[in-house]
Amino acid sequence: MDNRLKSLHDIVSSLLPDKNPAFVFKDLNVVETLQVFWEKKRKQGAVFKNGSLVVYESVPSAVAPYVCYVTLPGGSCFGSFQYCSTKAEARRDAARVALVNSVFNEQPSRIITMEFIRNSIQEAVASVSGSTNDAEDPSTSIGAYHYMLEANKGKTMLEFQELMTVFQLLHWNGSLKILRERKCSRQDVISYYSKQSLDDCMRSQMALDWILKEKMIPEMISEELESSLKDLEKARETGRELRFHKEKKEILTLALSQIGSGSDSVQLCEQNTCDSNCLTIMKGLALPVGIAPQEEEDDKEEPGDAPIG
């Protein structure tokens, strides 16, 4: 974290040239500085689907410690990780974590280059005891990872992580396995979902998938939600990027709310504003009622399934 803090010191000093760098953190308004940072990126040409506004979400609680999450314009999410006695303190702590990561993400070492791709593939091959030849075969997990890195050359690791979150959720949800069973090529799957945003339609369809699984295995959603909350808490307390864990919580909570309300789960996705083409494709991934979810072939995560950075 020391390198990130040094980088933050340099960037904040450039944003606030009127302040003495030696004392810049003593009276720094991290919430304001984080917003200024992303506004500056927008003015430099960065395009964000939902604008450049940084969004904060406080976890409901009547007593300390208070927890706050912050979602950046690109979609990355961070949270407060220290003991916070007030909601305002939790908000500042979340902003501080997000600012450190935002600034560190601007460093040359966080840009996807050919050298970065080579090193990443070597690490991926070593982690799964594979072969470097697999990198040239898009039908393998290593090849798919290589393909995704190549397609994102020039982007930062936070930008790449935002894309990877979609595939992490598809893997977690079982959708990637269904697509493999239907003989969909990895290139086609990557190409399609790389263009899809993680929106209400995708969340609703994933929630529907879990509702259908719940019909076959009662309490499955509650058990998965309990596990996801533990993962989210652990990741938050270590200052990691949280969107994958937080999205799992949101999807499972949505599924439980639909079951509790007794509403027609088949209409869940249509209740949101969904692109018709996306809706058609996503519906094709849902497990038919009456068919039990199949067990995963193995528990090994594919390269890229673990959070990056």
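For the structure itself, look to the data block above.
What counts, and at which threshold
- Residues numbered from 1 in each chain as written.
- Predicted model: local features only at pLDDT ≥ 70, side-chain atom pairs only at ≥ 80, totals over all residues.
- Heavy atoms only, no water.
- Helix = DSSP H or I, 4+ residues; strand = E, 2+ residues; numbered from the N terminus.
- Buried < 20%, exposed > 50% of the residue type's maximum accessible area, 1.4 Å probe, protein only.
- Contact = heavy atoms within 4.5 Å.
- Areas by Shrake-Rupley, 256 points an atom, 1.4 Å probe, with all protein chains shown as cover.
- Pairing = 2+ DSSP bridges.
- Axes fitted to C-alpha atoms, helices over the stretch in contact; angles between N-to-C directions.
- 1 Å grid on protein atoms, 1.4 Å probe; cavity = no way out; pocket = protein on both sides within 12 Å on 5 of 7 lines; lining within 4 Å.
- Points joined across faces, edges and corners; volume = space filled by probe spheres on them.
- Nonpolar A, V, L, I, M, F, W, Y, C, P; charged D, E, K, R; others polar.
- Parallel < 35°, antiparallel > 145°, perpendicular 65-115°, else oblique.
- Left-handed = near helix turned anticlockwise from the far one by under 90°.

J.: Whenever I open this one, the overall build of the protein chain confuses me. Can you help?
T.: Counting its regular elements, the protein chain contains 12 helices and three strands. Residue burial in the protein chain is summarised as follows: out of 309 residues, 45% are buried. Across the protein chain, every contact between residues at least 6 apart in sequence was considered, and the portion connecting residues at least 24 apart equals 64%. As displayed, the protein chain has an accessible area near 16100 Å², and 52% of this comes from carbon and sulfur atoms.

J.: Would you explain the sheet that holds strand 2 (residues 68-71) in this entry?
T.: Consider a sheet: its strands pair through backbone hydrogen bonds, and that pairing is either parallel or antiparallel. Spatially, 1-2-3 is the arrangement adopted by the three strands of the open sheet, whose pairing is antiparallel. Strand pairing shows two members of the sheet lacking a second neighbour, strand 1 (55-58) and strand 3 (77-79), which therefore form its edges. With direction set aside, neighbouring strand axes in the sheet form an average angle of 20°. Direction of pairing for strand 1 relative to strand 2: antiparallel, over a ladder of four bridges. Within strand 2, the position partnered with Val55 by the bridge is Thr71. With respect to the sheet, helix 3 (residues 87-104) is in contact with strand 1, strand 2 and strand 3, its orientation differing from that of strand 2 by roughly 40°.

J.: Is there a simple way to explain the layout of surface pockets in this structure?
T.: To find the voids left in a structure, one rolls a probe of water-molecule size over its atoms. Taken as a whole, the largest pocket encloses approximately 1300 Å³ of empty space. Every element with two or more residues in the lining of the largest pocket is listed here: helix 2 (30-43), strand 1, strand 2, helix 6 (157-173), helix 9 (200-216) and helix 11 (243-261). Residue contributions to the lining of the largest pocket peak at five residues, all from helix 6. When its residues are assigned to classes, the lining of the largest pocket shows 19 nonpolar, 14 polar and 15 charged.

J.: What exactly am I supposed to notice about the packing of helix 9 against helix 11 here?
T.: Axis angle and axis distance: for two packed helices, these are the angle between their axes and the distance between the axes, and together they describe the pair. Axis separation between helix 9 and helix 11 bottoms out at 8 Å; the angle between their running directions is 60°. Here helix 11 runs oblique to helix 9, going by the angle between their axes. Here the hand of the crossing between helix 9 and helix 11 comes out right-handed. Side by side, helix 9 and helix 11 meet where Arg203, Ser204, Met206, Ala207, Trp210, Ile211 and Glu214 of the first sit next to Arg243, Glu247, Ile251, Leu252, Leu254, Ala255, Gln258 and Ile259 of the second. Looking at the contact of helix 9 with helix 11 residue by residue, the classes come out as nine nonpolar, two polar and four charged.

Everything listed here is a matter of coordinates, which is why it stays silent on function.
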